[in-house]
Amino acid sequence: MRPEQLPLGGTGAAITMAAVYLIYSLLLALGLLLSSPWWIVQAIRHGKYRAGLRERLGVVPERLRLVANERRIWVHAVSVGEVLAISSLLGTLRASFPEHRVVLSTTTLTGQTLARQRFGEENVFYFPIDIGWCVRRWMRAVRPELVVLAETEFWPNFLRRAKTSGARVAVVNARISDRSFPGYLRARGLLRSVLRNVDAFAAQSSEDARRLVEIGAGASRVMVAGNLKFEVTSPTEPEFVRWLREKVTQEHAGPIIVAGSTVEGEESIVLDACAFALRKFSRAVLVLAPRHKERFENAASLVQQRGMLSLRRSSWNGVHSGNLAGGIVLLDSIGELASMYALADVAFVGGSLVPRGGHNILEAAQFGTPVITGPYTENFRDIMRAFIDEDAVVVAQTDQFASELLELLNDDAKRRSIGERGLKVVRANAGATGRTLELLRDLIKRRGS
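Predicted model, so just to flag it, every value in this text is computed and none were measured.

Criteria and cut-off values
Residues numbered from 1 in each chain as written. Predicted model: local features only at pLDDT ≥ 70, side-chain atom pairs only at ≥ 80, totals over all residues. Heavy atoms only, no water. Helix = DSSP H or I, 4+ residues; strand = E, 2+ residues; numbered from the N terminus. Expected span 1.5 Å × (residues − 1). Buried < 20%, exposed > 50% of the residue type's maximum accessible area, 1.4 Å probe, protein only. Arc of directions from axis to C-beta. Contact = heavy atoms within 4.5 Å. Core = buried A, V, L, I, M, F, W, Y, C linked by side-chain atoms within 4.5 Å. pLDDT = per-residue confidence, 0-100. Pairing = 2+ DSSP bridges. Patch = residues over 30% accessible without salt bridge, like charges linked within 9 Å, V, L, I, M, F, W, Y side chains within 5 Å. Areas by Shrake-Rupley, 256 points an atom, 1.4 Å probe, with all protein chains shown as cover. Salt bridge = Lys/Arg side-chain N within 4 Å of Asp/Glu carboxyl O. Phe/Tyr/Trp six-rings, centres within 6.5 Å; stacked < 30°, edge-to-face > 60°. Axes fitted to C-alpha atoms, helices over the stretch in contact; angles between N-to-C directions.

**Some words on helix H12 (residues 267-278)**
Taking 1.5 Å as the rise per residue, H12 with twelve residues should run 16 Å; its terminal C-alpha atoms sit 16 Å apart, in good agreement. Of the positions making up H12, those classed as buried are Glu267, Val270, Leu271, Ala273, Cys274, Ala277 and Leu278. Taken down its axis, H12 places every buried residue within 160° of arc, on the same side. Structurally, H12 contributes buried residues whose contacts are with strand E10 (256-262), strand E11 (285-290), helix H13 (296-305), strand E13 (328-330), strand E14 (346-349) and helix H17 (401-410).

Below, the structure written as structure tokens:
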């Protein structure tokens, strides 16, 4: 059987890959059409899917100012977490390949906002919908020599067009989550052909490498490079964070609790725990940062119902006459949370008190800040394992969160030792950027040969 054919079941029939891609595109287009009322409602309510719609549909904006004969590298990162993870790598790529222009695409509004802040809106755009003509227009406009996808973005049409355009394709910081793995296994017959379009995979761990091979990636194209999320770089301190640091010092407020990336169902738990802690620490300050923009208003309502709101970031204009001690600061902004963790005496990282898989604790741990999470952290299994093995994180059951938080606040020595061990874990796992860069350097070299 030719490589461009796939067997179907036990009938002995075969279907060409061209037909598979056509069927996939038609099903995707049909799915988008049938679900369009839901997307329209979401766009009206939240605006999150309205942003960048023209770019998603294949319209290349003027702000990119693409220049003829310009050599380019296209990096794709889905959302905030991936943008943060590849930030160090992207900076290194720019320095290592000054003859190339590095452009970055994202899928989500929050990822787009952060990416434009860090890398300039003239280099950032929305990833196209994975329908042939949308992808084709972008590929013809960008003409990348190298395409770098963060984590596991296996879009069939995009990978196919990237490969046929002559670009080298790499998936970096690749991971196969516990949740995704069974589904990938069921589809590995099709995935194997899709993954042939990827020249190299840089896996986060040996377990991720094993899973990649099992779902259809060629073993010779898979290497373990480590987790780029350990390569966190300390962000520049925003004006608001600098002001808040001075304000709490002036008020002799504290301890400071930063609850970051909270999701639906968590804010109430965190607020109840904060109220519990305030019984002993009357001058404590909670900084509450919901994960998604559409949760800002809901979180504000929850705080106001408890009569604890001191300040909303969105209403701050450089001054604030009220007191922060004993209250809550709602961080309803994008891109400031990482810097805020440096102020914390204790950091809670959300998505973990309810079954959402958790978020990245490294943003807090890089400052030597002690971290507490809930029990649901499977999305970051390798990072969590490294911290748990070194007793460098507190994992609290949901119903014990308030008491575990209070215990940390009560014990200065415990907080300090957990923070120090966490910082050691971050430093001990560095090096993924260098290994990934060597892989990408080799791909560009091979393309030119």
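**Examining the nonpolar core**
Within the largest apolar cluster, 39 residues are counted, with the highest numbers of intra-cluster contacts made by Leu244, Met340 and Phe387. Only helix H11 (239-251), E10, E11, helix H14 (337-340), E14, helix H15 (362-365), helix H16 (381-389) and helix H18 (412-428) provide two or more residues apiece to this core. Per element, the largest residue contribution to this core is five residues, and it comes from H11. When residues no more than four places from it in sequence are discounted, the contact partners of Phe387 are Phe230, Ile361, Leu362, Ala365, Ala392, Val393, Gly422, Val425 and Val426.

**With respect to the confidence of the model for the protein chain**
Per-residue pLDDT for the protein chain has a mean of 90; in total, 94% of the residues score no lower than 70. Low confidence marks residues 1-14, where pLDDT is under 50. Its contacts with residues over four positions away, or in another chain, come to 21 contacts.

**Concerning the pairing of strand E4 (residues 100-106)**
Successive residues of a regular strand alternate their side chains across the two faces of the sheet. Along E4, seven of the seven residues are buried, which leaves the element largely enclosed by surrounding structure. Side chains His100, Val102, Leu104 and Thr106 project from E4 onto one buried face, and the interleaved Arg101, Val103 and Ser105 project onto a second face that is buried too. The sheet contact formed by strand E3 (residues 71-76) and E4 spans six bridges and is parallel. For His76, the partnering residue across the bridge sits in E4 and is Ser105.

**Quick notes on a nonpolar patch on the surface**
Taken together, the side chains of Ile23, Leu27, Leu30, Leu33 and Leu34 present a nonpolar region at the surface, about 520 Å² in accessible area. Tracing the backbone shows Leu27 in helix H1 (residues 17-34). Looking at Leu27, the relative accessible area reads 55%, which means it is exposed.

**Describing the packing of aromatic side chains**
In the structure shown here, the tally under the stated rule is twelve aromatic pairs. When the ring of Trp74 is compared with that of Phe158, the centres are 5.1 Å apart and the planes differ by 80°; the resulting orientation is edge-to-face. Separated by 84 residues along the polypeptide, Trp74 in strand E3 and Phe158 in helix H7 (residues 156-164) bring together distant segments of the chain. Each member of the pair Trp74 and Phe158 is classed as buried. Note on Phe240 and Trp316: the rings are 5.1 Å apart at their centroids and 70° apart in plane angle, and the pair reads as edge-to-face. A residue pair is termed long-range when its members are at least 10 positions apart, and Phe240 in helix H11 and Trp316 in the loop between strand E12 (309-312) and E13 qualify at 76 residues.

**Let's talk about the sheet that holds strand E16 (residues 394-395)**
The strands making up a sheet associate through backbone hydrogen bonding, with each pair oriented either parallel or antiparallel. On the basis of which strands lie adjacent, the open sheet formed by seven strands has the order E12-E13-E11-E10-E14-E15-E16 and parallel pairing. The open sheet has two free edges, formed respectively by E12 and E16, since each of these has just one partner strand. Bridge count for E10 against E14 is four bridges, and the pairing is parallel. Bridging from a neighbouring strand, Ile257 pairs with Val346 of E14. Where H12 meets the sheet, its contacts fall on E10, E11, E13 and E14, and the angle it forms with E11 comes to roughly 175°.

**Observations concerning the side chain of Glu363**
When you line up the elements, Glu363 lands in helix H15. Leave out the neighbours within four places in its chain, and Glu363 touches Leu84, Leu337, Ala338 and Tyr341.

**Focus on the side chain of His359**
Checked against the element boundaries, His359 lands in the loop between E14 and H15. Setting aside residues no more than four positions away along its own chain, His359 makes contact with Ser261, Val263, Arg291, Val349, Gly350, Gly351 and Phe380.

**Overview of H11**
Helix length check: H11 (13 residues) gives 18 Å between terminal C-alpha atoms against 18 Å at 1.5 Å per residue, within 8%. Within H11, the full set of buried residues consists of Phe240, Val241, Trp243, Leu244, Lys247, Val248 and Glu251. Looking straight down H11, one finds its buried side chains confined to an arc of 155°; they lie on one side. Across H11 from its buried face, at more than 90 degrees, point the exposed residues Glu239, Thr249 and Gln250.

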